[in-house]
Number of protein chains: 2
Amino acid sequence: MNRKLRDLGERRLVEWIVRRLEECEGASLPPGDDAADMLFRGRLLVSCDMLAASTDIPPGMDLRDAGFKAITSATSDIAAKGGKPIAYLVSLMLPPELGLESFEDLWEGFEEAAKLYGGRIVGGDLNSGREIVVDVICIGEAGRTASRLGARPGDILAVTGEFGSQAAGLHALLAGRLEDPEARRVVERFSRPMARVREALELAKTSAVTASIDSSDGLAESLYQLSELNDVGFLIDDPPISAEAERYAEKFGVSLFDLVFYGGEEYELVLTLRSKLVEKAVKAVEGVGGRLIPIGRVIEEKLIKVRWADGWRMLERRGYQHF
Amino acid sequence: MNRKLRDLGERRLVEWIVRRLEECEGASLPPGDDAADMLFRGRLLVSCDMLAASTDIPPGMDLRDAGFKAITSATSDIAAKGGKPIAYLVSLMLPPELGLESFEDLWEGFEEAAKLYGGRIVGGDLNSGREIVVDVICIGEAGRTASRLGARPGDILAVTGEFGSQAAGLHALLAGRLEDPEARRVVERFSRPMARVREALELAKTSAVTASIDSSDGLAESLYQLSELNDVGFLIDDPPISAEAERYAEKFGVSLFDLVFYGGEEYELVLTLRSKLVEKAVKAVEGVGGRLIPIGRVIEEKLIKVRWADGWRMLERRGYQHF
């Protein structure tokens, strides 16, 4: 009971992991060899996303959820470029005193998410260190990619879901609100964010998307990045507010505006669309059970304005900065 | 002067990095987009290698060398499978108090190595945390892969260089021996290990290789892994001793046997070869300025014996274990 990684030893831990690795179609190397391989033809996408316990796993967050989120985050970068995941590699740094059950939770989170998104975990690397650090590498494929570049004045701004519940969930976790039902709902959303792979694949077929990014650094930061790169601005007349976040904000007296715009780790797609093809795109996404919500439009003037309650507000740039 | 990452801020650090990223041939996404992309056709190889300051960067080691070694390590896994690198992604965790010049050193080490091996740094991820953690992802290609599986009794065991100077270099660094010329020579070797890409590509053409692994965890550990996976043993009658390591061991009274077999971070290839094709393989590797040194042979009995000084010794399994 309560065994630690140190008690198991590296060799047996590697064996445990290798037994659970899967083979990619067309692989000539067995799972656990020095590199993963596959036959591939087409447009290859590769993303990586690193998560460190001290920064990205708030106290009270389950390691299974952290594993799920790590896979989601790397997958979201692939979806934002119009692709779908094929394979994952996972690089791990783990403290020797980590409990074996905690490690199993983390790994099961990886597996659960990978399966959901249709990719296989085919390899990785294992190290010891002072805290848990997870780097997920996602290998995907796309027909045609969607870049961050390409938004033009007159395009419609749209997102694949409502915002605020992730930030509310983090707020609730940090405040230790685990009993309240409103709080529990947003904590659940925070723990299990979804990458929008199906939506991205349907959108790619419509030719509607002119620019695409995910909202992992918060909606405001994503909008500022699109604004800078494309030298345009945005008028948001219908901000995408999550009803759960609204109830949480009201109940606990936090700023709903901040929850919606300055959260993060919300893996929605933030897209600009050719105005003539918006209806087609909305229907295409609904066809796979998703949502595509027009929230405003692209303007020439390089500023971002939001209609909020009693009038228009300028959206400031203040997102999370690592340094 | 002496500015820190915290003073620069994340956005400007990302800009600095993105300016230095290169595009892959056939890329449709600009450097710095959410994922890297390329057109690809053939056998794709992917490896990753994580390095943590507390475990893998001994005091006194230059960050430029650490960067060089991180790229080398991921590249070596590709070479060991018979491939060559095309592109790298680099995931970084950095403490905010890291000096900007130190960061530049680290990055220049990445660039120097990537250029040497013929790959481009096309993307990555940036995070803050308690120590420096680098995860290098190497994307490569191979015609036919060389697996760890396939060694048969009667095959010849060979390596692409001599052993011991890496371990001696680490020993010298940890002992703070920076003045002594013998010590300085092995420290230099420790700081700049080379992945055997050219050698691997030539070997792939000869069809001589039956099993292949690199020696990143030490020669003994590589041999044990080949032994276990292939259910064979090895007789090593000509152990591959580096002359520098021999001089260092004599001068400072450390075990040469340990330096040769229980070091690590020596990125030589450890190969088994069809006996009839050994000569051809040796010549092929010499043709690109490399070396292929037969050191023994594969036997049926599952044990590893080494001829050393006055007789035969059994090689024990005791390599570095993270946990």
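Asks: Explain the sheet that holds strand β9 (residues 293-299) of chain B to me, please; I cannot follow it from the model alone.
Replies: Hydrogen bonds between backbone atoms are what pair the strands of a sheet, whose relative direction is either parallel or antiparallel. Residue and element names in this part refer to chain B. Pairing within the open sheet is mixed, and its 7 strands lie in the order β6-β8-β5-β9-β7-β10-β11. The sheet terminates laterally at β6 (209-214) and β11 (311-314), the two strands that pair on one side only. Each strand of the sheet is rotated relative to its neighbour by a mean of 25 degrees, with strand direction disregarded. In the sheet, strand β7 (residues 233-236) pairs with strand β10 (residues 304-308) via 3 bridges, with the strands oriented parallel.

Asks: Can you walk me through the packing of aromatic side chains in this structure?
Replies: In total, this model carries 21 aromatic pairs over all chains according to the counting rule given. With 6.2 Å between their ring centres and 35 degrees between their planes, Phe103 of chain B and Trp107 of chain B make a pair best called tilted. One end of the pair is Phe103 of chain B and the other is Trp107 of chain B, both in helix α5 (residues 100-117) and 4 residues apart, which spans about a single turn. Phe103 of chain B gets classed as buried once you look at its relative accessible area, which sits at 0%. Aromatic ring contacts, followed pair by pair, group Trp16, Phe103, Trp107 and Phe110 of chain A into a single cluster. Lying over the aromatic face of Phe252 of chain A, Arg177 of chain A brings its terminal NZ or CZ to 4.0 Å of the ring centre.

Asks: Would you mind going over the domain arrangement of chain A with me for this structure?
Replies: Accessible area lost when the parts come together is the quantity often used to give the size of an interface. All names here are of chain A. For chain A, the assigned domains read domain 1 (5-142) and domain 2 (156-314). On a C-alpha basis, the centres of domain 1 and domain 2 stand 27 Å from each other. Facing the 24 residues of domain 1 at the interface are 21 residues of domain 2. Taken together, both faces of the contact between domain 1 and domain 2 bury some 1800 Å²; the carbon and sulfur share is 60%. When residues of domain 1 are sorted by the area they lose upon contact with domain 2, Lys69, Ser76 and Ala80 head the list and together hold 26% of the total. Applying the counting rule to domain 1 against domain 2 returns 3 salt bridges. A salt bridge links Asp65 to Arg192; the shortest N-O distance between them is 2.8 Å. Across the domain 1-domain 2 interface, the total number found is 9 residue pairs in polar contact (both at pLDDT 80 or more). Secondary structure elements with two or more residues in the side of domain 1 that touches domain 2: α4 (63-80), β2 (84-94) and α5 (100-117). If one sorts the elements of the side of domain 1 that touches domain 2 by residue count, α4 sits on top with 11 residues. Among the residues making up the side of domain 1 that touches domain 2, the classes are represented as 9 nonpolar, 7 polar and 8 charged.

Asks: It is not clear to me how the relation of the copies chain B and chain A should be interpreted in this structure. Could you clarify?
Replies: In this arrangement, two copies of a chain are superimposed by a rotation about an axis accompanied by a shift along the axis. The operation relating chain B to chain A is a screw motion whose rotation component is 180 degrees, with 0.0 Å of axial translation and a residual RMSD of 0.0 Å. Both copies are brought into coincidence by an operation consistent with a two-fold rotation axis. Residue Arg41 of chain B, judged by its C-alpha, is the member of chain B lying nearest the rotation axis, at 2.1 Å. Mapped onto chain A, 100% of the interface residues of chain B are again interface residues, and the two copies thus contact each other with one and the same surface.

Asks: Whenever I open this one, the packing of helix α6 (residues 165-174) of chain A against helix α10 (residues 243-252) of chain A confuses me. Can you help?
Replies: Helix-helix packing is described using two parameters, namely the angle between the two axes and the distance between the axes. Residues and elements named next belong to chain A. Two elements in contact, α6 and α10, have axes whose closest approach is 8 Å; the angle formed by their N-to-C orientations is 40 degrees. Here α6 is positioned oblique relative to α10, judged by the angle of their axes. Crossing hand, α6 versus α10: left-handed. Judged by residue contacts, Ser165, Ala168, His171 and Ala172 of α6 engage Glu244, Ala245 and Tyr248 from α10.

Asks: Honestly, the environment of Pro58 of chain A in this entry has me stumped. Any pointers?
Replies: All names here are of chain A. As for its placement among the helices and strands, Pro58 is situated in the loop between α3 (53-56) and α4. Residue Pro58 is classed as buried on the basis of its relative accessible area, which comes to 9%. Distance from Pro58 to Leu173, taken between C-alpha atoms, is 7.3 Å for residues 115 residues apart in sequence. For Pro58, the contacting residues outside a window of four places in its chain are Leu170, Leu173, Leu174 and Phe190.

Asks: How do you make sense of the environment of Val159 of chain B when you look at a structure like this?
Replies: Residues and elements named next belong to chain B. As for its position among the elements, Val159 is in strand β5 (residues 156-159). With relative accessibility at 0%, the residue Val159 sits in the buried group. Along the chain, Val159 and Ile295 lie 136 residues apart, while their C-alpha atoms are 7.2 Å from each other. Val159 has contacts with Leu219, Pro240, Leu269, Val270, Arg291, Leu292, Ile293 and Ile295, leaving out every residue within four places of it along the chain.

Asks: Quick question: what am I supposed to make of the pairing of β2 of chain A here?
Replies: Consecutive residues of a regular strand have side chains that alternate between opposite faces of the sheet. Residue and element names in this part refer to chain A. Burial runs high along β2: 10 of the 11 residues are buried. Alignment of β2 against strand β4 (residues 133-142), held across 9 bridges, turns out to be antiparallel. The residue of β4 that forms the bridge with Leu89 is Ile137. Two elements, β2 and strand β3 (residues 120-128), share 8 bridges in a ladder whose sense is parallel. By the bridge assignment for β3, Ala87 is matched with Arg120. For the segment spanning β2, α5 and β3, crossover handedness is right-handed.

What counts, and where the lines are drawn
- Residues numbered from 1 in each chain as written.
- Chains lettered and ligands numbered in written order.
- Predicted model: local features only at pLDDT ≥ 70, side-chain atom pairs only at ≥ 80, totals over all residues.
- Heavy atoms only, no water.
- Pairing = 2+ DSSP bridges.
- Helix = DSSP H or I, 4+ residues; strand = E, 2+ residues; numbered from the N terminus.
- Axes fitted to C-alpha atoms, helices over the stretch in contact; angles between N-to-C directions.
- Phe/Tyr/Trp six-rings, centres within 6.5 Å; stacked < 30°, edge-to-face > 60°.
- Buried < 20%, exposed > 50% of the residue type's maximum accessible area, 1.4 Å probe, protein only.
- Lys NZ or Arg CZ within 6 Å of the ring centre and 35° of its normal.
- Domains from an automatic or database assignment.
- Contact = heavy atoms within 4.5 Å.
- Buried area = accessible area lost by both parts, 1.4 Å probe.
- Salt bridge = Lys/Arg side-chain N within 4 Å of Asp/Glu carboxyl O.
- Polar contact = N/O pair within 3.5 Å; in protein donor to acceptor, adjacent residues only side chain to side chain.
- Nonpolar A, V, L, I, M, F, W, Y, C, P; charged D, E, K, R; others polar.
- Least-squares fit on C-alpha atoms with pLDDT ≥ 70 in both.
- Parallel < 35°, antiparallel > 145°, perpendicular 65-115°, else oblique.
- Left-handed = near helix turned anticlockwise from the far one by under 90°.
- Right-handed = clockwise from strand over helix to strand, strands pointing away.

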